[in-house]
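Commentary on secondary and tertiary structure
Read off the chains here:
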Amino acid sequence: MKYSLIYADPAWEYGNTISNGAATNHYGTMKLIDMKRLPVWELAADDAVLAMWFTGTHTREAIELAEAWGFKVRTMKGFTWVKLNQLAEQHINKALQAGGVEDFYDFLDLLNVQTRMNGGNYTRVNTEDMLIATRGNGLLRKNASVKQVIYSPLGEHSEKPAEARFRLEKLYGDVPRIELFSRCGAPDWDHWGNQTESAAVELVPGAVIPVIKPQERAA
């Protein structure tokens, strides 16, 4: 199977290994050199798109990884996720019901209060970006109304909003697609990752190993 759309949330390593926010406290990370050796180029169709999450501390690494997988970066701002607190919906609804929002600027203040207060050596980080890169001719845009900014509450640690998948589907249509470093089994997507229940392939540095499903083995 060759995939026209590859959606990835790489297991980036961070220097923060002491605090409770360290990535290694919540999920397995991989060295950049090992991720570069994952043969994503063997999964990709001749004309394909890579949509990949990265953080501001890993801009250079993100470009290197996309290129190692055989893609050329077209934009570092395909999507920008504005991270809202997990209880943002509850808090905003409560404020609206209480009549605490009288005009547009009250609402902006309320929304800003509900954005996630993450760490950061400069400003406090509350967004994450997805780059878009292409292989060959890439894919035709099927819908010109898909917007860049996603407002969505946080889920589990590092879990990305489902809205990102929906927008990619709208942007590129019904094409063969796979999510790498996946944590779930979203409908109409193939998946690979050490936390996904049903992987379509086994991807290791240097090799792609097809997964033989029980019914195929029986046949």
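Before any of the text, the structure's been laid out above.
Report on the accompanying structure. Since the structure is predicted, the reported quantities are computational estimates derived from the model, not experimental observations. One numbering rule holds for all chains: residues counted from 1, following each sequence as written. Thresholds applied to this predicted model are a pLDDT of at least 70 for local features of residues and 80 or more for the giving and counting of side-chain atom pairs; totals over whole chains, interfaces and linings are not thresholded and use all residues. Processing note: side-chain calculations cover all non-hydrogen atoms of the structure and skip hydrogens and water entirely.

**Examining the overall build of the chain**
Heads up, the rule is: Each helix corresponds to a stretch of at least 4 residues labelled H or I by DSSP, and each strand to a stretch of at least 2 residues labelled E; elements are numbered beginning at the N terminus. For every residue, the accessible area (1.4 Å probe, protein chains only) is compared with the maximum for its type, and the residue is labelled buried under 20%, exposed over 50%, or partly exposed between those bounds. Contacts are residue-level and defined by heavy atoms, with any inter-residue pair within 4.5 Å sufficient. Shrake-Rupley sampling with a 1.4 Å probe provides the accessible areas, and residues are treated as covered by the protein chains on show and by no other component.
A tally of helices and strands in the chain yields 7 helices and 9 strands. Every one of the 219 residues in the chain was classed for burial, and the buried ones make up 38%. Once local pairs closer than 6 in sequence are excluded, the contacts in the chain between residues at least 24 apart make up 72%. As displayed, the chain has an accessible area near 12,700 Å², and 50% of this comes from carbon and sulfur atoms.

**Points about the pattern of salt bridges**
Using the following cut-off: A carboxyl oxygen of Asp or Glu within 4 Å of a side-chain nitrogen of Lys or Arg is what we treat as a salt bridge.
For the coordinates displayed, the defined rule picks out 11 salt bridges. As a salt-bridge pair, R60 and E64 come within 2.8 Å of each other at their nearest N and O atoms. Of the two residues, R60 and E64 both sit in helix α3 (residues 59-68), 4 residues apart, roughly one turn of that helix. For E64, a relative accessible area of 25% translates into the label partly exposed.

**Some points on the nonpolar core**
To be explicit about the condition: Within this scheme, the nonpolar core is defined by two criteria: the residues are buried Ala, Val, Leu, Ile, Met, Phe, Trp, Tyr or Cys, and they are joined through side-chain atoms within 4.5 Å.
Counting 28 residues, the largest nonpolar core has I6, L50, M52, W69, F71, L180 and F181 as its most contacted members. Taken together, the elements giving at least two residues each to this core come down to β1 (3-8), α2 (40-43), β2 (44-54), α3, β4 (127-135), β6 (177-180) and β8 (201-204). Residue contributions to this core peak at 5 residues, all from β2. Here W69 is in contact with A8, M35, K36, L38, V40, W41, L50, M52 and F181, once residues within four sequence places are set aside. Ranked by size, the runner-up nonpolar core spans 17 residues in total, among them V49, A51, W53 and L171.

**Observations concerning the environment of V113**
Note on placement: V113 falls in helix α5 (residues 104-113). The exposure class assigned to V113 is exposed, which follows from its relative accessible area of 58%. Residues V113 and A88 lie 25 residues apart in sequence; the distance between their C-alpha atoms is 9.0 Å.

**Notes on the packing of aromatic side chains**
Note the following rule: Here the aromatic set is Phe, Tyr and Trp, taking the six-membered ring for Trp, and pairing holds for ring centres within 6.5 Å; pairs whose planes are under 30 degrees apart are stacked, those over 60 apart are edge-to-face, and all others are tilted.
Scanning all chains against the criterion turns up 4 aromatic pairs. Geometrically, the ring pair formed by F104 and Y105 is edge-to-face, given 5.2 Å between the ring centres and 80° between the ring planes. A residue is classified by how much of its surface remains accessible, and Y105, at 57% relative accessible area, is exposed.

**Digging into the side chain of H58**
Note the cut-off: Contacts described as polar in this section are N or O atom pairs within 3.5 Å, which, within protein, must combine one atom able to donate a hydrogen with one able to accept it, while residues neighboring in sequence count only if both atoms come from side chains.
Relative to the elements of secondary structure, H58 occurs in the loop between β2 and α3. Judged by its relative accessible area of 8%, H58 is buried. Among the polar contacts made by the side chain of H58, one reaches the main-chain carbonyl oxygen of E13 at a distance of 2.7 Å. Residue contacts for H58: discarding those within four places in its chain leaves W12, E13 and Y14.

**Regarding a nonpolar patch on the surface**
Note the following rule: Grouping into patches uses exposed residues only, defined as over 30% relative accessible area, and leaves out salt-bridged ones; the cut-off is 9 Å for like charges and 5 Å for nonpolar side chains (Val, Leu, Ile, Met, Phe, Trp, Tyr).
Together, F104, Y105 and L108 make up an exposed nonpolar region whose accessible area comes to about 340 Å². Along the chain, the position of Y105 falls in helix α5.

**With respect to the sheet that holds strand β7 (residues 190-192)**
Keep this limit in mind: Two strands pair if DSSP finds at least two bridges between them. To define axes, lines are fitted to C-alpha atoms, for helices over the stretch in contact only, and angles between the resulting N-to-C directions are given on a 0 to 180 degree scale.
Taken in spatial order, the 7 strands make up an open sheet running β5-β3-β4-β2-β1-β6-β7, and their pairing is mixed. Taken across any chain shown, the strands that pair with only one partner, and hence form the sheet edges, are β5 (149-153) and β7. Going across the sheet, the axis of each strand differs from the next one's by a mean of 20°, ignoring polarity. The pairing of β1 with β2 spans 5 bridges and is classified as parallel. Residue pairing for β2: Y7 is matched across the bridge by A51.

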